[in-house]
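Each chain, written out:
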Amino acid sequence: MVQFTFWDILRNLLLAAQWTVLLSLIAFVGGAVVGLIVCVARISKNPGPRWAARIYIEVLQGTPLLMQLFLCFFGLSLIGLNVPPLAAAAIALTLYTSAFLGEIWRGCVEAISKGQWEASASLALTYPEQMRYVILPQALRIAVAPTVGFAVQVVKGTALASIIGFVELTKAGTMINNATFQSFLVYGLVALLYFALCFPLSLLSRRLERRLNVARAS
Amino acid sequence: MSLVRLDGVEKRFGDLHVLKGIDLKVEAGQVVAIIGKSGSGKSTLLGCINGLESHDDGRITVDGKVVSEDARSLRELRQTVGMVFQQFNLFPHLSAGRNVMLAPMVVHKAQGQASEALARDCLAKVGLAEKFDTYPDKLSGGQQQRVAIARTLAMQPKIILCDEITSALDPELVAEVLKVVKALADQGMTLIMVTHEMAFAREVADLLVFMHQGRVHEVGAPAVLFDAPQTPELCQFLGAVL
Amino acid sequence: MNYTFHFADVFAYGDLLLRGLWLTILLSAVSTVLGLIVGIAGALGRNSEIAPVRWLAGAYVELIRNTPFIVQLFFLYFGLAQMGLKMTAGQAALLAMVVNLGAYATEIVRAGIEAISKGQWEAGLSLAMTRWQVFRHVVLLPALEKIYPALTSQFIIVMLGSSVVSQISAEELTFAGNFIQSRNFRSFEVYFVITGLYLLLSLGFRQVFRLIGKRVFGKG
Ligand SMILES: Nc1ncnc2c1ncn2[C@@H]1O[C@H](COP(=O)(O)OP(=O)(O)O)[C@@H](O)[C@H]1O
Ligand SMILES: [Mg+2]
């Protein structure tokens, strides 16, 4: 058995944490792009896309992320694609993220009062013009805080990629634990590293939200 | 030919029959005041005139064109008909000046400089020339409503609809807004306004419309209606508000 | 693609699936009740007049909300075992779920209490009730009603998150899936069925919560 010092453990965890960050970034950016499409479909005037988006959201929010990971992982290999765990995890997390961001953003668009629609319509703006110049600029401002807040969920969600064998922070922790049997220390450190990634995002999200509320109240 | 003409206009929200056959003619330059109890269909009527609400039956013509639901004719209609709302509905993310500039730039494709000059001009008309760069949340209710009027003026409409535009204001701010409306009336703007300001309606309006349960219950010169109401409903309404 | 799906191979293990399903429901239901109690205590702690209690409650909430559930689970199961506190997989799973939900519930309940206006407190206190009595008789129920939708969502999230406890071999629904696919090698079909069952569970629970809400608060 190899002897691990505290610093060995920490160094290995920090190295693995880079993969957690990378996977989070991929999932967040991918999820944002797909989420925008989901959001647009969800608020469309056309019932077809609206229902499709609704079902998409319902399924992805109504099933465990772990199952979504498994289905991507095993499903892709079924159709003959031998994808690495990183790719399967990136796809599953992108879909998962897109459903939540799409729904969060829909809420932000719908939070814009009916009066804004009426006023801009009365000024002869078309639907795309209303969106572009009146609704979206306001919706974006209120969307920032919950979007940053959801980034925390994405980072935490990447931990499940360990289960399909992607070596990120949690998986590295498990491997080191199996070699050292220092469960308390190892998982404690893993938790602290996640905390170091997530807590600043949580704080930022809260600060943004407070600033918006102050701006509104004045 | 009347500038605005409604013939047998009907509107339903599901089972709720809100407009039950409205006939109304408004001539260019006329000021029409609409009064009536809450829920009698006044806002819905205004909404039908600029196509914010669709109507189920009857015909509305504005400036010689029949109001229909297709996007192109709605866009044209709304360049003819401006609207001012009870809740101001200024765009909070834009300064007062930008609020006024937006529609000329987007709809009329006006150049930045031209629309800025236009906006300054319109703000001056409502007495707010110096508030060009101020954001709505830094303006009083009365000032916000005047910016909303300037925003509508910038589209150079032939008709302006006003839906209880002083109802959300503190009492001391009502006068400054009414003064602007009065000036518009004096300059010959066609105005259709829902209002609870009876004294103002009497002074400024050429035609008074009393709506009751989705119908034009009484219509005529303000002095006549106020001094000699013909129906018990109008008597009762005036008794309650005067 | 010329793969033939074999769903019959999954349903052959029907009783295993049902057992797993039942444990998932049980785990979720028990952890909800306990988690809500922790949440109420946590919310009181965060509003406590004693500063260290406030800090402790705050640290608990932040630690849990900013770390993944699976790491919390491993820490409680493996980490505490190393310190001499040994639990069965089922106990560790339940504990992790309660601890996790408790942190979220704390914030939800706190928001509910804050949403009750100062006027209610003042009215209660001026009737010579103690703070505790005002909380218990005046504030608690309206606050719960306000937060009920958020609690419902959180419950669904915890229920779906419980699939992770399969990783310490707690024998719930996902564990049943893992077991079955290790026997019949039909991974995709197995997890497809399991996913469908979870979807039914979340739709079903949302209905149940709506009905309970109607009964308790007199509206949907
Ligand atoms: N979008 C709508 N959907 C359903 N009912 C509506 C809608 N808008 C207005 N109504 C109803 O139509 C009636 C007339 O409303 P409105 O025109 O706003 O009255 P007023 O402006 O005279 O107070 C009211 O009973 C109102 O509740
Ligand atoms: Mg009205």
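Residue positions are given per chain, counting from 1 as you read along its sequence in written order. Each chain takes a letter, starting from A, and each ligand takes a number, starting from 1, following the order in which they are written. pLDDT decides what is reported in this predicted model: residues at 70 or higher carry local features, side-chain atom pairs at 80 or more are listed and counted, and totals for whole chains, interfaces and linings draw on all residues regardless. Just so you know, side-chain values use all the structure's heavy atoms and leave hydrogens and water out.

J.: Outline the arrangement of the chains, listing residues and values.
T.: Note on definitions: a residue-residue contact is assigned when non-hydrogen atoms from the two residues lie within 4.5 Å. The highest contact count of any of the two pairs of chains in contact belongs to chains A and C. Across the gap from chain B to chain C, with no contact made, the nearest C-alpha atoms are 23 Å apart.

J.: I'd love a proper account of the pairing of strand E6 (residues 81-84) of chain B, names of residues and values included.
T.: All names here are of chain B. Side-chain alternation along E6 places Val81 and Met83 on one buried face and Gly82 and Val84 on a second face that is also buried. At least two bridges found by DSSP between two strands is the condition for calling them paired. Strands here are runs of E lasting at least two residues and helices are runs of H or I lasting at least four, both read from the DSSP assignment and numbered beginning at the N terminus. Direction of pairing for E6 relative to strand E7 (residues 159-163): parallel, over a ladder of four bridges. From the neighbouring strand, Gly82 faces E7, where its bridge partner is Ile160. For each residue, the accessible area found with a 1.4 Å probe, counting protein chains only, is set against the maximum for its type, and the residue is called buried under 20%, exposed over 50%, and partly exposed in between.

J.: Residue-level account of the interface of chain A and chain B, with values.
T.: Taken together, the 18 residues of chain A in the interface contact 23 residues of chain B. Of the roughly 1,700 Å² buried at the junction of chain A and chain B (both faces included), carbon and sulfur atoms supply 63%. Accessible area that two parts lose when put together, evaluated with a 1.4 Å probe and summed over both, is termed the buried area. When residues of chain A are sorted by the area they lose upon contact with chain B, A:Ser122, A:Leu123 and A:Ala124 head the list and together hold 34% of the total. One speaks of a salt bridge when a side-chain nitrogen belonging to Lys or Arg is within 4 Å of a carboxyl oxygen belonging to Asp or Glu. Where chain A meets chain B, there are one salt bridge. Between B:Arg75 and A:Glu129 there is a salt bridge, and its shortest N-O distance comes to 2.7 Å.

J.: So, the sheet that holds strand E1 (residues 4-13) of chain B: which residues are in play, and what are the values?
T.: Residue and element names in this part refer to chain B. One open sheet accounts for four strands, arranged E2-E1-E4-E5; its pairing is antiparallel. Only two strands of the sheet have a single neighbouring strand rather than two, namely strand E2 (16-26) and strand E5 (65-66). Looking at chain direction, E1 and E2 are connected through eight bridges and run antiparallel. Across the sheet, residue Lys11 finds its bridge partner in E2, namely Leu19.

J.: Tell me what's going on with the sheet that holds strand E9 (residues 207-212) of chain B, and back it up with residues and numbers.
T.: All names here are of chain B. Spatially, E6-E7-E8-E3-E9-E10 is the arrangement adopted by the six strands of the open sheet, whose pairing is mixed. Lying at the two open borders of the sheet, with one neighbouring strand each, are E6 and strand E10 (215-220). Going from strand to strand, the sheet's axes swing by 20° on average, the running direction of each strand aside. Note on method: axes are straight lines fitted to C-alpha atoms, helices fitted across the in-contact stretch only, with angles between N-to-C directions ranging 0 to 180 degrees.

J.: Outline the nonpolar core, listing residues and values.
T.: By nonpolar core we mean a set of buried residues, namely Ala, Val, Leu, Ile, Met, Phe, Trp, Tyr and Cys, connected to one another through side-chain atoms within 4.5 Å. Grouped together as the largest cluster of nonpolar side chains are 157 residues, with contacts concentrated most on A:Leu13, B:Val4, B:Leu6, B:Ile34, B:Val62, B:Ile192 and C:Val139. With 15 residues, helix H7 (residues 131-161) of chain C is the largest single contributor of residues to this core. Those residues in contact with B:Val62 that lie beyond four places of it in its chain are B:Leu3, B:Val4, B:Ile49, B:Val67, B:Leu77, B:Thr80, B:Val81 and B:Ile159. Grouped together as the second largest cluster of nonpolar side chains are 49 residues, B:Ala33, B:Leu123, B:Val174 and B:Phe237 included.

J.: Please set out the interface of chain A and chain C residue by residue, giving values where relevant.
T.: Quite often, the size of an interface is put as the accessible area lost when its parts meet. Taken together, the contact between chain A and chain C spans 38 residues of the former and 38 residues of the latter. Note on chain A versus chain C: buried area summed over both sides is about 3,200 Å², and carbon and sulfur give 75% of it. Of all residues in chain A, the largest losses of buried area upon contact with chain C belong to A:Leu71, A:Leu78 and A:Phe184, amounting jointly to 20% of the total for that side. Two N or O atoms form a polar contact when they lie within 3.5 Å of each other; inside protein one atom must be a possible hydrogen donor and the other a possible acceptor, and for residues adjacent in sequence the pair counts only when both atoms belong to side chains. Inspection of the region where chain A meets chain C yields eight residue pairs in polar contact (both at pLDDT 80 or more). Of the residues forming the side of chain A that touches chain C, the biggest block, 13 residues, is contributed by helix H8 (residues 183-217) of chain A. Three categories are distinguished: nonpolar for Ala, Val, Leu, Ile, Met, Phe, Trp, Tyr, Cys and Pro, charged for Asp, Glu, Lys and Arg, and polar for the others, with Gly belonging to the last. Looking at the side of chain A that touches chain C residue by residue, the classes come out as 23 nonpolar, 12 polar and three charged.

J.: Give a detailed account of the pattern of salt bridges, specifying residues and quantitative values.
T.: All names here are of chain A. A full pass over the atoms with the stated rule returns 20 salt bridges over all chains. Close ionic contact of Arg106 with Glu110 constitutes a salt bridge, the shortest N to O distance being 2.9 Å. Highlighted residues: Arg106 and Glu110, both in helix H4 (residues 85-110), separated by four residues, approximately one helical turn. Given the relative accessible area of 17%, Arg106 is considered buried. Overlapping salt bridges bring together Arg42, Glu103, Arg106 and Glu110 as one network.

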